[in-house]
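The lines below spell out each chain.
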Amino acid sequence: MESVNIKELNDRIQQESGFVDILSLEMGKVIVGQKHLVENLMIALLANGHILLEGVPGLAKTLAISTLSKAVNAKFSRIQFTPDLLPADVVGTLIYSQKKESFEVRKGPVFANFVLADEINRAPAKVQSALLEAMQERQVTIGDNTFALPEPFLVMATQNPIEQEGTYPLPEAQVDRFMLKVVVDYPKKEEEKLIIRMNNSGEFPVPNAVVNPEDIIRARNVVRDVYMDEKIERYIVDIVYATRTPEEYGLKGLKDLISYGGSPRASISLSAAAKAYAFIKRRGYVIPEDVRAVCPEVLRHRIGLTYEAEAENVTSEEIISQVINAVVVP
């Protein structure tokens, strides 16, 4: 690609990505700290992916997506997953109207731009698969009719890592449908003091609608145009392949710790997330640092650990770190 084109693309992205800072500032008014969470929400939104959040209760996971939906002026719905939930409670169902003497479609809460699936591991497999099918196909079939879901469409699912009782862990094939898995940590001391002060005063900032859904759809098309060199594509493939055949990359020690590596969906998600990250950084091309920045979130839930790894307390983050350090940077 000619340098002139890169310059034109850079200028275009400088103009188009201006709303990212405004959106971040608007979310920062309500959410104290959690910059990593906000940034990954932006990546998922721009890369047309879904996000899985893991963290203990009370870390502003619900607040983050509801604030984002208000700032984007989009429809938001929250589904509290429970063991007695039915697929119809998520996607909708047919209701018989005595007045019209016919069945009418009643759409479920999944028909929104931003859907929060709270504690997704609390609902049985049938309900989980109904939501995950909607995420993948971007459409829902109720009776004989198929309905397209609104655009933009983003699902943010949360799961609590400390409770095991009454939970249904997501199968690996379904977890793979989430572009990113973000582990949400506790706020810093100074941030927690601000949170206490805000709650004690009872004055909660209200986010303003600073972006329209149409702006997000347009930005997604621009993100696709972000230039990715063939060397970067090779770098992404090498990282994913290193999780499948670590011995080929001088990582013999990882062979017995990994039961399975990233799928081709991992490579697709890694390239899409890296492009979105470059866009957020207001750059028209992807650099290796962009790939490295999104690697933990993209690969965290896509690497299977063996019993040996669990016995040695080896985490997928440690494996990702070793892979990133071993693969040659272009």
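Residues numbered from 1 in each chain as written. Predicted model: local features only at pLDDT ≥ 70, side-chain atom pairs only at ≥ 80, totals over all residues. Heavy atoms only, no water.

## Regarding the overall build of the chain
- Assigned secondary structure in the chain consists of 14 helices and 11 strands.
- Looking at the chain as a whole, 49% of its 330 residues are labelled buried.
- For the chain, the share of sequence-separated contacts (at least 6 apart) that also reach a separation of at least 24 residues comes to 79%.
- With 37 positive and 45 negative side-chain charges, the chain shows a spacing of 4 Å between the two charge centroids. (Helix = DSSP H or I, 4+ residues; strand = E, 2+ residues; numbered from the N terminus. Buried < 20%, exposed > 50% of the residue type's maximum accessible area, 1.4 Å probe, protein only. Contact = heavy atoms within 4.5 Å. Lys, Arg positive; Asp, Glu negative; His and termini not counted. Charge placed at Lys NZ, Arg CZ, Asp CG, Glu CD.)

## Some words on the sheet that holds strand E9 (residues 180-183)
- Ordered by their spatial adjacency, five strands build an open sheet running E2-E5-E8-E1-E9, and the pairing between neighbours is parallel. The strands lining the two open edges of the sheet, one partner per strand, are strand E2 (76-80) and E9. Strand-to-strand twist of the sheet, defined as the mean angle between neighbouring strand axes without regard to direction, takes the value 20 degrees.
- Pairing analysis gives four bridges linking strand E1 (residues 51-54) to E9, with the strands arranged parallel. Bridging across to E9, Leu 53 finds its partner in Val 182. (Pairing = 2+ DSSP bridges. Axes fitted to C-alpha atoms, helices over the stretch in contact; angles between N-to-C directions.)

## Quick notes on the packing of aromatic side chains
- Considering all chains together, one arrives at two aromatic pairs under this definition.
- Here Phe 19 and Phe 279 contribute two aromatic rings whose centre-to-centre distance is 6.4 Å and whose plane-to-plane angle is 50 degrees, an arrangement assigned as tilted. Of this pair, Phe 19 sits in helix H2 (residues 18-30) while Phe 279 sits in helix H11 (residues 264-280), placing them 260 residues apart in sequence.
- Judged by relative accessible area, which is 13%, Phe 19 ranks as buried.
- Note on Phe 279: relative accessible area 0%, which makes it buried.
- Ring centres of Phe 111 and Phe 147 lie 6.3 Å apart, and the angle between their planes is 85 degrees; this geometry places the pair in the edge-to-face category. (Phe/Tyr/Trp six-rings, centres within 6.5 Å; stacked < 30°, edge-to-face > 60°.)

## Concerning the environment of Gly 253
- Structurally, Gly 253 can be placed in the loop between helix H10 (230-244) and strand E10 (258-260).
- Residues Gly 253 and Val 91 lie 162 residues apart in sequence; the distance between their C-alpha atoms is 45 Å.

## Side note on the side chain of Asn 113
- Mapped onto the elements of the fold, Asn 113 is located in the loop between strand E4 (102-107) and strand E5 (114-118).
- Side-chain polar atoms of Asn 113 contact the backbone oxygen of Glu 151, separated by 3.4 Å.
- In contact with Asn 113, not counting residues within four places along its chain, are Ala 74, Lys 75, Pro 150, Glu 151, Pro 152, Phe 153 and Leu 154. (Polar contact = N/O pair within 3.5 Å; in protein donor to acceptor, adjacent residues only side chain to side chain.)

## Looking at the side chain of Arg 220
- Among the structural elements, Arg 220 can be located in helix H9 (residues 213-224).
- For Arg 220, a relative accessible area of 3% translates into the label buried.
- A distance of 2.9 Å separates a polar atom in the side chain of Arg 220 from a polar atom in the side chain of Asn 48.
- In this structure, Arg 220 is in contact with Leu 45, Leu 46, Asn 48, Glu 151, Pro 152 and Phe 153, ignoring residues within four places of it in sequence.

## Quick notes on the pairing of E1
- With burial as the criterion, each face of E1 is covered, one bearing Ile 51 and Leu 53 and the other bearing Leu 52 and Glu 54.
- Pairing geometry for E1 and strand E8 (residues 154-159), over four bridges, is parallel. Each bridged residue has a counterpart across the sheet, and for Leu 52 the counterpart in E8 is Ala 157.

## Some points on unusual backbone geometry
- Residue Glu 151 is joined to Pro 152 through a cis peptide bond whose omega torsion reads -5 degrees.
- Positive phi, close to 60 degrees, is recorded for Asn 48, a residue that is not glycine.
- For Asn 48, the location among the structural elements is in the loop between helix H3 (35-46) and E1.
- For Asn 48, a relative accessible area of 26% translates into the label partly exposed.
- In this structure, Asn 73 takes a positive phi of about 60 degrees despite not being glycine.
- Among the structural elements, Asn 73 can be located in the loop between helix H4 (61-71) and E2.

## Some thoughts on helix H8 (residues 189-201)
- With 13 residues, H8 extends 19 Å between its outermost C-alpha atoms, agreeing within 8% with the 18 Å of an ideal straight helix rising 1.5 Å per residue.
- Looking one or two places after H8, you find Gly 202, whose phi comes out positive at around 75 degrees. (Expected span 1.5 Å × (residues − 1).)

## Side note on the pairing of E5
- In terms of residue burial, E5 counts as a mostly covered element, since five of its five residues are buried.
- Burial of the side chains of E5 extends over both faces: Phe 114, Leu 116 and Asp 118 are buried on one face and Val 115 and Ala 117 on the other.
- One ladder, built from four bridges, connects E5 with E8; its direction is parallel. Within E8, the residue paired with Phe 114 across the bridge is Leu 154.

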